[in-house]
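# A look at the structure
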Amino acid sequence: MDLRIQELEAYAREYHIPIMMKDGISFMLSYIKENHVKKILEIGAAIGYSAICMCLVDEGIHVTTVEREEERYQEALKNIKKFHLEDRITIYYQDAFSLDLKEEYDFIFIDAAKSQYIRFFEKFTPLLKAGGVVFSDNLNFHGLTHTTEPILSRNVRGLVRKLNNYIVFLKENPNFETYFYDIGDGISVSKKKA
Ligand SMILES: C[S@@+](CC[C@H](N)C(=O)[O-])C[C@H]1O[C@@H](n2cnc3c(N)ncnc32)[C@H](O)[C@@H]1O
């Protein structure tokens, strides 16, 4: 394992930056490798950890990503430079909903505000090629989307309801075939039909 990747993981732990869990990221990287994914759009860069890991799978990979928090964006920029990936990672400092992208992607990774997953999906999937996939992370929300126990915090209850709505939305979407995996914090892979 690249020592610099371990440094990013240590930084995320120290400053409580929510990056992908280890088994979640290795599942996603294997998918990218096995399916020869080349053009990736990520929503939610944080410090650039997952974008960098995805780029390191293959030299032909390009990642476009976006982050709306300035401190995280600045840290991501630093990290991208540290890995000499400036030519292969395009990062925007803005709200994803104000992005105006025109290119097509083979792979979209949704890993930003959990309350907005349906909106992210609807905004960005027109850019996905037929046969391309949308990966979404945190669908288990630390086990809370499956719990039968009462959830005390109103905020958390709201998020769990929205994530459960997203899961139903994916299951019922006629244009996508979705598979759910109990890996990391819960991942879905939605394949766009031809
Ligand atoms: C879970 S973290 C991303 C982790 C990153 N994908 C990784 O695994 O290394 C989610 C990030 O999305 C950002 N975010 C949330 N909503 C956003 C939005 N609407 N536009 C841009 N960034 C957003 C947050 O500021 C946060 O840093």
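Residues numbered from 1 in each chain as written. Predicted model: local features only at pLDDT ≥ 70, side-chain atom pairs only at ≥ 80, totals over all residues.

All right, on to the overall build of the chain then. When helices and strands are counted, the chain shows 6 helices and 7 strands. Taken from the N to the C terminus, the helices and strands of the chain come in the order α-α-β-α-β-α-β-β-α-β-α-β-β. Taking 16 Å as the expected radius of gyration for a compact globule of 194 residues, we find that the chain reaches 16 Å, a close match to that expectation. Projected onto its principal axes, the C-alpha positions of the chain cover 45 × 40 × 30 Å. Burial status across the chain gives 34% buried among its 194 residues. For the chain, contacts bridging at least 24 residues in sequence account for 65% of all contacts bridging at least 6. (Helix = DSSP H or I, 4+ residues; strand = E, 2+ residues; numbered from the N terminus. Rg over C-alpha atoms; globule rule 2.2 N^0.38 Å. Buried ≥ 20, exposed ≤ 12 C-beta atoms within 10 Å, placed from the backbone. Contact = placed C-beta atoms within 7 Å.)

Okay, the site of the ligand next. Every one of the 18 residues lining the ligand counts as a neighbour, but Gly 44, Tyr 49, Ser 50, Ala 96 and Ala 112 are closest to it. Secondary-structure elements contributing two or more residues to the shell around the ligand are α3 (49-55) and β2 (62-67). When the residues that make up the shell around the ligand are grouped by side-chain class, the tally is 10 nonpolar, 2 polar and 6 charged. (Near = placed C-beta within 6 Å. Nonpolar A, V, L, I, M, F, W, Y, C, P; charged D, E, K, R; others polar.)

Across the sheet, 7 strands lie side by side as β3-β2-β1-β4-β5-β7-β6; this open sheet has mixed pairing. What marks the edges here is a single partner per strand, and that holds for β3 (89-93) and β6 (176-181). Looking at each pair of strands side by side, their axes are set apart by 15 degrees on average, direction ignored. In this structure, β2 lies alongside β3, joined through 5 bridges in parallel fashion. The residue of β3 that forms the bridge with Val 66 is Tyr 92. (Pairing = 2+ DSSP bridges. Axes fitted to C-alpha atoms, helices over the stretch in contact; angles between N-to-C directions.)

Moving on to the environment of Thr 90. Looking at the secondary structure, you find Thr 90 in strand β3. Under the C-beta neighbour-count criterion, Thr 90 is labelled partly exposed, with 16 such atoms within 10 Å. Considered as a pair, Thr 90 and Leu 77 are 13 residues apart in the sequence and their alpha carbons are 9.6 Å apart.

The first and last C-alpha atoms of helix α6 (residues 154-172) sit 27 Å apart over 19 residues, in line with the 27 Å expected at 1.5 Å per residue. Those residues of α6 not exposed but buried are Leu 163, Tyr 166 and Leu 170. Relative to the axis of α6, the buried residues are bounded by an arc of 50 degrees and lie together on one face. In this structure, α6 carries Arg 154, Val 168, Lys 171 and Glu 172 as exposed residues pointing more than 90 degrees from its buried face. Buried positions along α6 lie against α5 (117-124), β6 and β7 (187-192). (Expected span 1.5 Å × (residues − 1). Arc of directions from axis to C-beta.)

To continue, consider the nonpolar core. The biggest cluster of nonpolar side chains holds 47 residues, and the ones touching the most others in it are Ile 40, Met 54, Phe 107, Ile 108 and Ile 110. Discounting chain neighbours no more than four positions away, the residues touching Ile 110 are Ile 43, Tyr 117, Phe 120, Phe 121, Val 134 and Ser 136. (Core = buried A, V, L, I, M, F, W, Y, C linked by C-beta atoms within 7 Å.)

Our focus in this paragraph is unusual backbone geometry. Unlike most non-glycine residues, Ala 46 shows phi in positive territory, near 50 degrees. Among the structural elements, Ala 46 can be located in the loop between β1 (39-43) and α3. The class of Ala 46 is buried, set by 23 C-beta atoms lying within 10 Å. One non-glycine residue, His 84, adopts positive backbone phi at about 55 degrees. Checked against the element boundaries, His 84 lands in the loop between α4 (70-82) and β3.

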